[in-house]
Amino acid sequence: MSTATATTAAAGGAPDPVAGFPRELRPEPAGVRSVTRTFFFILWRDVFVTGRELPTFLAQVLVEPFFILFVFGKVLGELGFTGGGFQQVLLPGVVALNAFLVSLQNTALPLIIDFSWSKEIEDRLLAPIPTFLVAVEKLVFGMLRGIVASLLMIPMGFLVLDHASWPMDRFPATVGVLLMGALAGSTVGLTIGTLAPPRHISIVFAVTLTPLMFTGCTQFPWHGLAEVRWFQVLCTLNPLTYVTEGIRSLLLPPGGPGSIPLWVCISALTAAILIFGAIGIKGFHRRAQD
């Protein structure tokens, strides 16, 4: 009995009839059910690995946003440099920032490692699913990490900030915006991870992440930039802006600072997902063929 067959039999299932064959000699997948099961098995493996590395994951996604909340929302407020309403503007921005950037980083960086050094992507490409679904799995996994990271920031915001609130009747709608924001971040990460040269990735992250962070309206409302028109236009080009402003449009009271209308935010995020998703999947196909 071959090693692959013995492993499958030991797990209590039927032997894998195609294990050990080169990819070009394998039969086509049995159908939609087989493809769906394989997709979720690959996704579950990534989720399981995240569970084993939970302390590292939490440190990665909580330390930086915690200090943003603490310094900008707490310390500067007590020093009198910010008003009481600033905390209510800042918390949605930091939550949106975590959803977008954590998804981006957790999609781009593993792809760069898999394609260039570890070659782990070869095992996934041998799975009996279409190549584009391997890319979609990377997107979904990055999105899941981003949404978890963003939701963790809500109770942390309550602990750090004194004047922040999050109406529970708006919670389902805000989760929907966060899901779209996390998916948009994943598609941008897929684009970076498949197009950026591995030897230049540190430079790519340096010139990408910082501008995304500070032009995403996470620390100020978009309408407040009316006197700095050129910077307001620059922020309009950042998908993160629409995640931040979409959440603020749901949470801020009517008398507060204005926000970009929710339908505009949803439309912009949908366009970003489609554009960057198409570019990223095309780049993934190219890297997979190489």
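As a reminder, the structure under discussion sits directly above these lines.
Residues numbered from 1 in each chain as written. Predicted model: local features only at pLDDT ≥ 70, side-chain atom pairs only at ≥ 80, totals over all residues. Heavy atoms only, no water.

1. Focus on the overall build of the chain
Then comes step 1: Looking only at helices and strands, one finds eleven helices and zero strands in the chain.
Then comes step 2: What you see in the chain, going N to C, is helices and strands ordered as α-α-α-α-α-α-α-α-α-α-α.
Then comes step 3: A buried classification covers 46% of the 290 residues belonging to the chain.
Then comes step 4: Contacts spanning at least 24 positions in sequence make up 77% of the contacts within the chain whose residues lie at least 6 apart.
Then comes step 5: Put simply, the chain shows about 14700 Å² of open surface, and 69% of that area lies on carbon and sulfur atoms. (Helix = DSSP H or I, 4+ residues; strand = E, 2+ residues; numbered from the N terminus. Buried < 20%, exposed > 50% of the residue type's maximum accessible area, 1.4 Å probe, protein only. Contact = heavy atoms within 4.5 Å. Areas by Shrake-Rupley, 256 points an atom, 1.4 Å probe, with all protein chains shown as cover.)

2. Remarks on the environment of Lys74
Then comes step 1: On the secondary structure map, Lys74 appears in helix 3 (residues 54–78).
Then comes step 2: Taking the C-alpha atoms as reference points, Lys74 and His163, 89 residues apart in sequence, are found 9.8 Å from one another.
Then comes step 3: Once you skip the residues sitting within four places of it in the chain, Lys74 turns out to touch Leu69, Val160, Leu161 and Asp162.

3. Observations regarding helix 6 (residues 131–160)
An α-helix turns once every 3.6 residues. As a result, residues three or four positions apart point the same way.
Then comes step 1: In this model helix 6 runs 44 Å from its N-terminal to its C-terminal C-alpha over 30 residues, within 8% of the 44 Å that 1.5 Å per residue would give.
Then comes step 2: Taken as a whole, helix 6 carries its principal kink of about 25° at Ile154; the proline Pro155 stands between one and four residues after it. (Expected span 1.5 Å × (residues − 1). Bend = angle between axes of the 7 residues up to and from the residue.)

4. A short note on the packing of aromatic side chains
Then comes step 1: Taken as a whole, this structure holds seven aromatic pairs when the rule is applied.
Then comes step 2: An angle of 80° between the planes, with centres 5.2 Å apart, marks the rings of Phe66 and Phe67 as edge-to-face.
Then comes step 3: Between the aromatic rings of Trp230 and Phe231, the centroid separation amounts to 5.6 Å while the plane-to-plane angle is 70°, which identifies the pairing as edge-to-face.
Then comes step 4: Look at Trp230 and you get exposed, because its relative accessible area is 62%.
Then comes step 5: A connected cluster of aromatic rings, assembled from ring pairs, spans Phe66, Phe67 and Phe70. (Phe/Tyr/Trp six-rings, centres within 6.5 Å; stacked < 30°, edge-to-face > 60°.)

5. Details of the environment of Cys265
Then comes step 1: Counting through the fold element by element, Cys265 comes out in helix 11 (residues 262–289).
Then comes step 2: Linking Cys265 and Pro239, residues 26 residues apart in sequence, is a C-alpha distance of 8.8 Å.

6. Observations regarding the nonpolar core
Buried together is how nonpolar side chains tend to be arranged in soluble globular proteins.
Then comes step 1: Membership of the largest hydrophobic core comes to 56 residues, with the highest contact counts inside it found for Leu69, Phe100, Leu104, Ile192 and Ile247.
Then comes step 2: The set of elements that each furnish at least two residues to this core consists of helix 3, helix 4 (86–118), helix 6, helix 7 (171–195), helix 8 (201–214), helix 9 (229–236), helix 10 (239–251) and helix 11.
Then comes step 3: In this structure, Ile192 is in contact with Leu104, Ala108, Ile201, Val204 and Thr208, ignoring residues within four places of it in sequence.
Then comes step 4: Grouped together as the second largest cluster of nonpolar side chains are 15 residues, Ile42, Ala127, Ile129 and Ala135 included. (Core = buried A, V, L, I, M, F, W, Y, C linked by side-chain atoms within 4.5 Å.)

7. With respect to the side chain of Thr187
Then comes step 1: Take Thr187: it is sitting in helix 7.
Then comes step 2: Other than its neighbours up to four places away in sequence, Thr187 contacts Leu139, Ala272, Ile273, Phe276 and Gly277.

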